Amino acid sequence: MKRKLVLVGNGMAGVWCVEHILKLAPQQFDITIFGAEPHPNYNRILLSSVLAGDSSMKDIVLNDWDWYRDNNIAFHAGQAVTKLDTANKQVVSDKGITVAYDELILATGSLPFMLPIPGADKEGVIAFRDIKDCETMMETAKQYKKAVVIGGGLLGLEAARGLLNLNMEVSVVHINNYLMERQLDETASRMLQVELERQGMKFLLEKQTEQIVGKKRVTGVKFKDGSLAEADLVVMAVGIRPNVALAKESGIELNRGIVVNDYLQTNVPNVYAVGECAEHRGVAYGLVAPLYEQGDVLAKKLCGLECEGYQGSVTSTKLKVSGVDVFSGGQYNDEPGTRAIKIQDEFEGIYKKVLVREGKVVGAVMFGDTSDSSRIFKLIRTGEDISGREKEIVLGEGFGGKSGSGGAGVESMSDDEIVCGCNGVTKGAIVKAIQEKGLTSVEEIKACTNASRSCGGCKPLVAGVLNCTLGEDAVTAAKEGVCGCTTLDRDEVVAAIRSMHLTTSKEVMHVLEWNNPEGCSKCRPALNYYLGMAWPVEHAEERESRFVNERNHANIQKDGTYSVIPRIYGGVTSPQELKKIAEVAEKYDVPMVKFTGGQRIDLLGVKKEDLPRMWEDLDMPSGYGYGKALRTVKTCVGSTFCRFGTQDSISMGIELEKRFERLNTPAKVKMAVSGCPRNCAEATIKDFGVVAIDGGWELYIGGNGGVRVRASDLMWKVKTEEEVFEYSAAFMQYYRESAKWNERTSEWVQRVGLDIIREALDTEEKRKALVARIDEALNLMKDPWKEIIETPELRSMFEALPEKEAAAAAE
Amino acid sequence: MERIMVARASEIPALRSRTVTVGGMEIAIFKLSSGELRAIENRCPHKNGKLSEGIVCDHHVFCPLHDWKINMKDGLVQAPDEGCVTTFSVEVDEEGKVYLLWEKGSLSA
Ligand SMILES: Cc1cc2nc3c(=O)[nH]c(=O)nc-3n(C[C@H](O)[C@H](O)[C@H](O)COP(=O)(O)OP(=O)(O)OC[C@H]3O[C@@H](n4cnc5c(N)ncnc54)[C@H](O)[C@@H]3O)c2cc1C
Ligand code: SF4
Ligand code: FES
């Protein structure tokens, strides 16, 4: 006979526990779940992001209706259990259903605390706890304008942010003199306040709410000091109270919450409690991480497995407000006996404080950059003794600086470090799942390990772990210009090419003992590039190693036709040129003529055999819209016409394009020149960007507007045009000489480091040497279209052989 | 079986290919580094990429569109991808004329 298991409360803690029971002992129980809300189990945490418009209600469902059916769970949605009869071991719902149990789990969560003040029952006064509250706010925002959130804690601020996104004017009332005082010290809190004010939130600090005013519906909030704030909506987020109503009259021991021991047992046999309604060793938690740990223990207990028992949790919090990174864990205020390591960077808006007591990290607060949080939180949880090494361990690598992407630093994480704080998933567990199950996306990892399934804040970290795990295997191998044909990496191959003076791919593959004698589609183009870069004069271009686009000097489309983009320097053309392009397009029946993102004209859908004739008729140089080469130099109108322009950005752009066109580079290179800091040419998302300022030029590198958007770094400020040319040429050559094939500058600058690049160009002597080498390569370049038109052997490759009849025709 | 003259060996550079339409089917004739010729239908089983534009490595060609690797001897797509392209036998005479051996049966292969 199966035992009858009844769960009261279809929330995050209870269902988590049931999920575990199903995994551990799927056949042991007949399961019944009562949920007062009319929804399947959903992720309460993400209500904040639903409110902020980042997720939909559908996205936050954790287990849909099918899950209950598939697992044979009797699910009574929209029914609250109102009576608990522990003597006869049964529960009764508000709709009159009675269910007997052998084991009963209470997971009724908590209730939002509503201030007991006059008017608190008026229409428009709500809490922020469930889907219904969320929907009320979204509805209200359609009709009303002014919202007051009472409570400047985590929940209040997330509600406020969501309401701002719904276009309401939002004031946050807080009784304390600074926000989130339960998680942050004053310094971090002030920084947070400044940022939120910048986002449009208003704050009424040190205000005690006395009364909600209005007739039927709220119209305002009145404070003890006599002042009044207008409001069409009041959201109370002042705290929660464990929901113990059901346990009250059944002889179950209560304190603040339902009192449980280390195995989540109440004092009544066969009755357990987990989640926010439970109180363990005097603590009733209000976050999910402890609830999951409790659920795990209870699941084991119920399935009869040995386990250690729940020991309590150290919690940490993050604020889920976009554009704000806040972390708080453990103890956060200095007190006698603690010493702190603090970093405060007012330029970057970063503050970090780590508290140490008797050689152990006891807490931390971070604002602006929380990339170290999981490393530090691990120290807090493990209580590792770091006496004498405090600074080196706490400061670690890169603690001071902003590490940009959340993925940074995953390499240095140890396997037992927690990646997903909500669900307690370690890096090791994720890596293992990726390797054993062949996972390739964050979504798959989520499904398989639960990492990032709750608040989602760790997604960038999970993605980082994924990248660095797969990268070690085959996936990025292609990107690095090294492939299955060799174990050598880019630097080793280039070093061999230089030191042994290898000048053909064949030699390289032979001397370095490639395991495929003729290489593959990844190493062949890479070697051709490296050889050309190292020995521009001696290396003979290997067309057969070029990818189709660079061999046919046009961009292949999915149907096998090509696109043709003639060079239009700096995006400046003329009526004659436009007419010519138009005529050519007509003559060859070009199916589509389109402006590119780089200020040029693209003729799409051209047949291969028409290419040479078209080039001939166009009589314009190739725009290299297909190559690993300089693509386009985008310009704004600059001082020629614009009233803001400080320099002639057009001439500068044209000159740069003329200097660097045709150059082979590791990956495509895009440039732009803006005539003033308004930056209409978007120079700061280009590989090389030039922005004119009064009396000079700013030079930016490493930007990208594609897959991984990256704003470029300001590297140099120069005065003269000559200097712009010198720095740009030296930069391009240094990139050519040190990047991996197929590595964009945005990836390269991050791998190599800005300091190294700055150093490589820091004296005139170094720059001149680089410029001399790039000139050597540039001098050899010819226009490829012209070359093909004029060379019969090359040209004939564009023609098909004469068609043949066959007696047995193809079907 | 028909023996159809399609090209001169000198018209095809090493590690490159030329295309010819025979009886309505587009065929790519490749020259390997050894000088040997291979003929296959010029259509990738994945999404019809023109194999003639691929990079040739020994007797394999990599499709230019999504990098499938195809063995030109038996027409088989290499793992992890799957599929097959039609292959044809070719002969070269002393004068360097290239003949395609066109068989009804070979089309259903
Ligand atoms: C907007 C918001 C944002 C949050 N953000 C975070 C965060 O970023 N990180 C974090 O760790 N935590 C966060 N939390 C807290 C987290 O959601 C809770 O800790 C967690 O949901 C508690 O789980 P629970 O199962 O104990 O309670 P709940 O998820 O509240 O589940 C209890 C369920 O029981 C039902 N119930 C109650 N009584 C009965 C009854 N008698 N019969 C039947 N059903 C009943 C209730 O309707 C409810 O559905 C957030 C909470 C909110 C509201
Ligand atoms: S970047 Fe400056 S100079 Fe150029 S168009 Fe914009 S405002 Fe004018
Ligand atoms: S069409 Fe050939 S690999 Fe996709």
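Throughout this description, residue numbers start from 1 for each chain and increase along the sequence as written. As a convention, the first chain written is A and the first ligand written is 1, with the rest following in written order. A pLDDT threshold of at least 70 governs which residues receive local features in this predicted model, and a stricter bar of 80 or more applies before side-chain atom pairs are shown or counted, although totals over entire chains, interfaces and linings include all residues. To get the side-chain values, take all heavy atoms of the structure and skip hydrogens and water.

Things to note about the overall build of chain A
Heads up, the condition is: Numbering of helices and strands starts at the N terminus; helices are DSSP runs of H or I of at least 4 residues and strands are runs of E of at least 2. Three exposure classes are used, based on accessible area relative to the maximum for each residue type with a 1.4 Å probe and protein chains only: buried under 20%, partly exposed in between, and exposed over 50%. Accessible surface is estimated by sampling points in the Shrake-Rupley manner with a 1.4 Å probe; for residues, cover comes only from the protein chains shown.
What chain A contains, in helices and strands, is 26 helices and 37 strands. Here chain A, with 811 residues, has 53% of them falling under the buried criterion. Of the accessible surface of chain A, which amounts to about 36400 Å², a share of 49% is contributed by carbon and sulfur atoms.

Re the sheet that holds strand β3 (residues 74-77) of chain A
Residues and elements named next belong to chain A. Note the cut-off: Strands pair, by our definition, only if DSSP identifies at least two bridges between them. A fitted line through C-alpha atoms represents every axis, and for helices the fit uses only the stretch in contact; the resulting angles, taken between N-to-C directions, go from 0 to 180 degrees. In this description, contact between two residues means that some pair of their heavy atoms is separated by no more than 4.5 Å.
The 5 strands lie next to each other as β3-β2-β1-β7-β19, forming an open sheet whose pairing is parallel. Each edge of the open sheet is held by one strand with a lone partner, namely β3 and β19 (271-273). Sheet twist, expressed as the average angle between the axes of neighbouring strands with direction ignored, equals 15 degrees. With respect to the sheet, helix α1 (residues 12-24) is in contact with β1 (3-8), β2 (29-35) and β7 (103-106), its orientation differing from that of β1 by roughly 155 degrees.

Re the nonpolar core
All names here are of chain A. Under the convention used in this document: Nonpolar cores are built from buried Ala, Val, Leu, Ile, Met, Phe, Trp, Tyr and Cys residues. Side-chain atoms within 4.5 Å join them into one set.
Ranked by internal contacts, the top residues of the largest apolar core, which has 50 residues, are Val91, Leu104 and Leu106. Of all the elements, α1 adds the most residues to this core, at 6 residues. With residues near it in sequence (within four places) discarded, Leu104 still touches Val6, Val8, Leu84, Val91, Asn270, Val271 and Tyr272. By size, the runner-up hydrophobic cluster in this structure holds 43 residues, among which are Val50, Ala147, Leu163 and Ala188.

A word on the site of ligand 1
All names here are of chain A. Under the convention used in this document: Note on terminology: near, applied to a residue and a molecule or strand, indicates that one of the residue's heavy atoms is within 4 Å of it. Pairs of N or O atoms are called polar contacts if they sit within 3.5 Å, as long as, within protein, a hydrogen donor faces a hydrogen acceptor (for residues adjacent in sequence, only side-chain-to-side-chain pairs). Each residue gets one of three labels, nonpolar for Ala, Val, Leu, Ile, Met, Phe, Trp, Tyr, Cys and Pro, charged for Asp, Glu, Lys and Arg, and polar for the others, Gly among them.
Ligand 1 sits among 31 residues. The nearest are Ala13, Glu37, Arg129, Glu276 and Lys320. Within the contact set of ligand 1, an oxygen atom lies 2.5 Å away from a side-chain nitrogen or oxygen of Arg129. At 2.8 Å, a backbone N or O of Val288 approaches an oxygen atom of ligand 1. Compared with its free state, where it exposes 990 Å², ligand 1 has 91% of that area covered by protein. Partitioned by chemical class, the residues of the shell around ligand 1 number 14 nonpolar, 11 polar and 6 charged.

Examining helix α8 (residues 288-302) of chain A
Residues and elements named next belong to chain A. What counts is decided by this rule: Expected helix span is taken as 1.5 Å per residue step, with the number of steps being one fewer than the number of residues.
Helix length check: α8 (15 residues) gives 21 Å between terminal C-alpha atoms against 21 Å at 1.5 Å per residue, within 8%. Residues Val288, Pro290, Leu291, Tyr292, Gln294, Gly295, Val297, Leu298, Ala299 and Leu302 constitute the buried set of α8. Looking at the buried residues of α8, the elements they touch are β1, α1, β2, β7 and β19.

A word on the packing of helix α18 (residues 575-587) of chain A against helix α19 (residues 611-618) of chain A
Residues and elements named next belong to chain A. The test is simple: Any angle from 65 to 115 degrees is called roughly perpendicular, while one under 35 is roughly parallel, one over 145 is roughly antiparallel, and all others are oblique. By definition, any crossing whose near helix is turned counterclockwise from its far helix by less than a right angle is left-handed, and any crossing with a clockwise turn is right-handed.
In contact at an axis separation of 9 Å, α18 and α19 are set at 155 degrees when each is read in the N-to-C sense. Relative to α19, the element α18 is oriented roughly antiparallel. For the element pair α18 and α19, the recorded crossing hand is right-handed. Contacts from Lys580, Ile581, Val584 and Lys587 of α18 reach α19 at Met614, Asp617 and Leu618.

Some remarks on the sheet that holds strand β5 (residues 90-93) of chain A
Residue and element names in this part refer to chain A. Taken in spatial order, the 3 strands line up as β4-β5-β6 in an open sheet, and their pairing is antiparallel. Of all the strands in the sheet, just β4 (81-85) and β6 (98-100) have a single pairing partner and so form its edges. Neighbour to neighbour, the strand axes of the sheet diverge by 20 degrees on average, direction disregarded. Where β4 and β5 come together, 4 bridges link them in antiparallel fashion. Bridge pairing in β5 places Leu84 opposite Val91.

As for the pairing of strand β25 (residues 360-367) of chain A
The side chains of a regular strand alternate, first on one face of the sheet and then on the other. Residues and elements named next belong to chain A. For β25, a buried count of 7 out of 8 residues is recorded, marking the element as mostly surrounded by other parts of the structure. Taken together, the 7 bridges between strand β24 (residues 350-357) and β25 define a ladder with antiparallel strand orientation. In the sheet register, Val354 faces β25, and the bridge partner there is Ala364. Counting the residues in the hairpin turn of β24 and β25 gives 2 residues, including Glu358, whose phi is positive at 45 degrees.

Points about the side chain of Arg662 of chain A
Residues and elements named next belong to chain A. Assignment of secondary structure puts Arg662 in the loop between α20 (649-660) and β33 (669-674). Its relative accessible area of 15% is what places Arg662 among the buried residues. Beyond its immediate stretch of four places on either side in the chain, Arg662 contacts Arg567, Pro621, Tyr624, Met781, Lys782, Asp783 and Pro784.

Describing a positive patch on the surface
Note the threshold: Each patch is built from salt-bridge-free residues with over 30% relative accessible area, joining like charges within 9 Å and nonpolar side chains (Val, Leu, Ile, Met, Phe, Trp, Tyr) within 5 Å. We define a salt bridge as a side-chain nitrogen of Lys or Arg found within 4 Å of a carboxyl oxygen belonging to Asp or Glu. In this tally Asp and Glu are treated as negative and Lys and Arg as positive; neither His nor the chain ends contributes. Where a charge lies is defined by one atom per residue type, namely NZ (Lys), CZ (Arg), CG (Asp) and CD (Glu).
A surface patch of like charges, here positive, comprises Arg182, Arg241, Lys248 and Arg256 of chain A. Within the secondary structure, Arg182 of chain A sits in the loop between β11 (169-174) and α6 (186-198).

Here we look at the confidence of the model for chain B
Just so we agree on the cut-off: Per residue, pLDDT measures the predictor's confidence, with a range of 0 to 100.
Mean pLDDT over chain B: 90, with 94% of residues reaching 70 or higher. Here the predicted complex carries an ipTM of 0.92, next to a pTM of 0.54.

So, unusual backbone geometry
All names here are of chain A. One non-glycine residue, Asp589, lies in the positive phi region at around 55 degrees. Note on Asp589: relative accessible area 65%, which makes it exposed. Within the chain, Glu682 stands out as a residue other than glycine whose phi angle is a positive 55 degrees. You can see Glu682 is positioned in the loop between β33 and β34 (688-693). Given the relative accessible area of 38%, Glu682 is considered partly exposed.

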